[in-house]
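Commentary on secondary and tertiary structure
Here is how the chains run, residue by residue.
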Amino acid sequence: MKKVGTISDLHGRGIWKKFVKDNPQIDIWVFIGDYTDSYDLTNEEIYLNLVEIIEFKKANPENVILLWGNHDIAYRFLPQYRCEGFRADMGNMLEIGNVK
C-alpha cells in the first residue's frame, strides 16, 4: 500500500521541501493548491517557489499530484475572479499556463 502525504496553503512558502525531505516514507505527494498570494513574501519568492514545485512534479510525474486552489484559479480567470491577497501586478507572471 502506498503512503500519501498532502501539502496545502503554501502561499509562496518553501516549507514543502522540508516536509518532503523529512518524510522519505511518503510515496505520493498531493499538493492541494494555494501556492500563491502571500502578505509577507515578494512576488519573486512566490513565483520561484511555484516553479520549484512544478519542477518537483516534472521530476516525479507519477508521485506528485498538483491541484489548483482558489488563490491559484484567480490567476487563470483574470480579471473575473480574485481572492484575498490577490496581486494584480503578478497577473501576467502567474496566469496559469505561463508559469514555466
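Residues numbered from 1 in each chain as written. Predicted model: local features only at pLDDT ≥ 70, side-chain atom pairs only at ≥ 80, totals over all residues. Heavy atoms only, no water.

Quick word on the pairing of strand 1 (residues 4-7)
Only one face of strand 1 is covered, namely the one carrying Gly5 and Ile7; the face carrying Val4 and Thr6 has none of its residues buried. As paired elements, strand 1 and strand 2 (residues 28-31) share four bridges and run parallel to each other. Residue pairing in the sheet places Ile7 in a bridge with Phe31 of strand 2. Viewed along the sheet, the connection from strand 1 through helix 1 (residues 16-22) into strand 2 turns out right-handed. (Buried < 20%, exposed > 50% of the residue type's maximum accessible area, 1.4 Å probe, protein only. Helix = DSSP H or I, 4+ residues; strand = E, 2+ residues; numbered from the N terminus. Pairing = 2+ DSSP bridges. Right-handed = clockwise from strand over helix to strand, strands pointing away.)

Looking at the pairing of strand 2
Burial along strand 2 is two-sided: the residues Ile28 and Val30 and Trp29 and Phe31 are all buried. Pairing of strand 2 with strand 3 (residues 64-66), which is carried by three bridges, proceeds in the parallel orientation. Its bridge partner being in strand 3, Val30 is matched across the sheet by Ile65. Taken together, strand 2, helix 2 (residues 43-59) and strand 3 form a β-α-β motif whose crossover is right-handed.

A word on the packing of aromatic side chains
Enumeration according to the criterion identifies three aromatic pairs in this entry. Consider the rings of Trp16 and Phe31, whose centres lie 5.7 Å apart with planes at 70°: the pair is edge-to-face. In this pair, Trp16 is assigned in helix 1 and Phe31 in strand 2, connecting sequence segments 15 residues apart. The residues Trp16 and Phe31 share a single accessibility class, namely buried. Judged by centre distance (5.3 Å) and plane angle (45°), the ring pair of Trp16 and Phe56 falls under tilted. Here Phe56 lies in helix 2 and Trp16 lies in helix 1, a separation of 40 residues in the sequence. Grouping residues by exposure puts Trp16 and Phe56 together as buried. Ring-pair connections join several aromatic residues into one group, and the members of that group are Trp16, Phe31 and Phe56. (Phe/Tyr/Trp six-rings, centres within 6.5 Å; stacked < 30°, edge-to-face > 60°.)

Observations concerning the environment of Asp34
Mapped onto the elements of the fold, Asp34 is located in the loop between strand 2 and helix 2. Engagement of the side chain of Asp34 in a polar contact is seen with the backbone nitrogen of His71, the distance being 3.0 Å. (Polar contact = N/O pair within 3.5 Å; in protein donor to acceptor, adjacent residues only side chain to side chain.)

A closer look at the sheet that holds strand 3
Read from one edge to the other, the open sheet built from three strands follows the order 1-2-3, with strand pairing classed as parallel. The outermost strands of the open sheet, each flanked by one partner alone, are strand 1 and strand 3. Taken pair by pair, the neighbouring strands of this sheet meet at an average axis angle of 15°, ignoring direction. Set on the sheet, helix 2 makes contact with strand 2 and strand 3; between it and strand 3 the angle comes to about 135°. (Axes fitted to C-alpha atoms, helices over the stretch in contact; angles between N-to-C directions. Contact = heavy atoms within 4.5 Å.)

Considerations on unusual backbone geometry
Phi is positive for His11, close to 45°, though the residue is something other than glycine. In this fold, His11 is placed in the loop between strand 1 and helix 1. Even without a glycine there, the phi angle at Asp37 is positive, about 65°. On the accessibility criterion, Asp37 (5% relative accessible area) is buried.

These figures come from the coordinates and say nothing about function on their own.
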